[in-house]
Amino acid sequence: QVQLVESGGGLVQAGGSLRLSCAASGRTSGPYDWGWFRQAPGKEREFVAAQRWSGGSTAYADSVKGRYTIWRSNTKNTVYLHMNNLTPEDTAVYYCAATPPLYSLPTRPDEFNYWGQGTQVTVSS
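Residues numbered from 1 in each chain as written. Predicted model: local features only at pLDDT ≥ 70, side-chain atom pairs only at ≥ 80, totals over all residues. Heavy atoms only, no water.

Asks: What is the right way to look at unusual backbone geometry in this model?
Replies: Note: most peptide bonds trans; most residues except glycine with negative phi. Here the phi dihedral of asparagine 85 falls at roughly 50°; this positive angle occurs in a residue that is not glycine. Relative to the elements of secondary structure, asparagine 85 occurs in the loop between strand E8 (78-83) and strand E9 (92-99). The exposure class assigned to asparagine 85 is partly exposed, which follows from its relative accessible area of 46%. (Helix = DSSP H or I, 4+ residues; strand = E, 2+ residues; numbered from the N terminus. Buried < 20%, exposed > 50% of the residue type's maximum accessible area, 1.4 Å probe, protein only.)

Given below as structure tokens:
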């Protein structure tokens, strides 16, 4: 079992930046593929970013490409999501997720086994 705890959310003005953190505990020896998802009120949970356990492959939703960066600190057992140039459309609860490696880089919620509790990101206009 892996436990995930997100932090770093908050209120930011449009054009601002935030860095979300996802701290892993438990069986962190892995390997794991990592992902970030978000869910806005009244909408389904959507893919944001994912990174292969080796760090060699990443994927981003078109809506965040060029603005968000996912990266992992192995020494800290933490996955980060750097978010730049935020817009009100980025407002959502952001979730960190992990799964034992699959055949290909996972990007769907049902491909991930472990989830954090979420952290709220609110972008004001």
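Picking up where we left off.
Asks: Honestly, the pairing of strand E3 (residues 18-26) in this entry has me stumped. Any pointers?
Replies: Side chains on a regular strand alternate between the two faces of the sheet. In the sheet, strand E1 (residues 2-7) pairs with E3 via six bridges, with the strands oriented antiparallel. Counted as the bridge partner of glutamate 6 is cysteine 22 from E3. By the bridge criterion, six bridges tie E3 to E8 in an arrangement that is antiparallel. Considered in E8, the bridge of leucine 20 is made with leucine 81. (Pairing = 2+ DSSP bridges.)

Asks: Just checking my understanding: could you explain the pairing of strand E11 (residues 119-124) for this structure?
Replies: Residue alternation in E11 divides its side chains into a buried set, Thr119, Val121 and Val123, and an unburied set, Gln120, Thr122 and Ser124. Of the pairings in the sheet, the one linking E9 to E11 comprises three bridges and is antiparallel in character. Bridged to valine 93 within E11 is glutamine 120.

Asks: Explanation requested: the sheet that holds E3 in the structure shown.
Replies: In a beta sheet, neighbouring strands pair by backbone hydrogen bonds and run either parallel or antiparallel. The antiparallel open sheet is built from four strands, whose spatial order is E1-E3-E8-E7. The open sheet is flanked by E1 and strand E7 (68-73), the only strands paired with a single partner. Neighbour to neighbour, the strand axes of the sheet diverge by 20° on average, direction disregarded. (Axes fitted to C-alpha atoms, helices over the stretch in contact; angles between N-to-C directions.)

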